Amino acid sequence: MLKKRELHDVPTLFPLLNDEAVKPFVRETAKSTEEYYFFINQMNQREENGELISRTILDEFESPVGAISLYDIEDGKGFLATWVGKPFFGQGYNQYAKELFLSEVFLQCDIEVVFLKVNKINHRSIKAVHKLGYATQANDTYPQVYERINQGEKEYDLFAVYKEAFMFYLNDQHQAEISELEA
């Protein structure tokens, strides 16, 4: 489940964010809970201005376990960033959150392409993106974007999720569920 980012989730999310298994791979950074409160407040203001879309990922008990955001929104495109706290690795929250979030941004917002920038040394993220039946490698399709994301020291692969491909994926998933129920 997803919900809009709220300041009262900071005490739960901050320790998850600052775990060494998560911290080096995320865009969200804060050195203290006070700094993280400020960061989330700024994110909420930026969302109101249409600059990004951000949600908190919840577990089945509605407790925060991570976050998912669409940054740098421009011309119907944006960059997806997702993180889940270490205690929740391997439990399916990341993929589930992506499906909910992409449904929201493609159906309710004017987004046509979502980029995923994956650090080439982040093996968990590489493995996760390859599980997504709707993401395609885009290093060659968007060479300018690929070049731009690789300006710094870190090396990234670029993947793209196209609205149409994602909608086909959802339809296929829905059809598979119906077939399973009828069997």
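Scroll up to find the structure.
Residues numbered from 1 in each chain as written. Predicted model: local features only at pLDDT ≥ 70, side-chain atom pairs only at ≥ 80, totals over all residues. Heavy atoms only, no water.

Novice: Where do I start with the overall build of the protein chain in this structure?
Specialist: The secondary structure content of the protein chain amounts to 6 helices and 7 strands. Starting at the N terminus, the α and β elements of the protein chain follow one another as β-α-α-β-β-β-α-β-α-β-α-β-α. Taken against the 2.2 N^0.38 rule, which gives 16 Å for 183 residues, the C-alpha radius of gyration of the protein chain at 16 Å falls within 12% of a compact globule. In terms of its C-alpha atoms, the protein chain occupies a principal-axis envelope of roughly 50 × 40 × 35 Å. Taking all 183 residues of the protein chain together, the buried fraction comes to 43%. Here the contacts in the protein chain between residues at least 6 apart in sequence split such that 60% fall between residues at least 24 apart. Element-wise, carbon and sulfur atoms account for 50% of the exposed surface of the protein chain, whose accessible area totals about 10,500 Å². Positive and negative charge centroids in the protein chain, built from 19 and 30 side chains respectively, lie 6 Å apart. (Helix = DSSP H or I, 4+ residues; strand = E, 2+ residues; numbered from the N terminus. Rg over C-alpha atoms; globule rule 2.2 N^0.38 Å. Buried < 20%, exposed > 50% of the residue type's maximum accessible area, 1.4 Å probe, protein only. Contact = heavy atoms within 4.5 Å. Areas by Shrake-Rupley, 256 points an atom, 1.4 Å probe, with all protein chains shown as cover. Lys, Arg positive; Asp, Glu negative; His and termini not counted. Charge placed at Lys NZ, Arg CZ, Asp CG, Glu CD.)

Novice: Even after reading the chapter, I still don't get the nonpolar core, so can you show me in this structure?
Specialist: Core analysis: the biggest nonpolar cluster contains 43 residues, and Tyr36, Trp83, Val114 and Val161 have the highest contact counts within it. At 6 residues, the largest contribution of residues to this core is made by helix H3 (residues 93-108). Residues in contact with Tyr36, not counting those within four places in the same chain, are Arg5, Val10, Leu13, Phe14, Leu17, Glu28, Ala30 and Trp83. Listed in part, the 10 residues of the second largest apolar core include Phe79, Val113, Tyr156 and Leu158. (Core = buried A, V, L, I, M, F, W, Y, C linked by side-chain atoms within 4.5 Å.)

Novice: Honestly, the packing of helix H1 (residues 10-17) against helix H2 (residues 33-48) in this entry has me stumped. Any pointers?
Specialist: Working note: a packed helix pair is described by the angle between its axes plus the distance between those axes. The N-to-C vectors of H1 and H2 enclose an angle of 110 degrees; their axes lie 10 Å apart at closest approach. On the basis of their axis angle, the class for H1 and H2 is roughly perpendicular. The residues of H2 that touch H1, namely those facing Val10, Pro11, Leu13, Phe14 and Leu17, are Thr33, Tyr36, Tyr37 and Ile40. Its residues placed into classes, the contact of H1 with H2 shows 8 nonpolar, 1 polar and no charged. (Axes fitted to C-alpha atoms, helices over the stretch in contact; angles between N-to-C directions. Parallel < 35°, antiparallel > 145°, perpendicular 65-115°, else oblique. Nonpolar A, V, L, I, M, F, W, Y, C, P; charged D, E, K, R; others polar.)

Remember, this is a structural readout, not a statement about activity or role.
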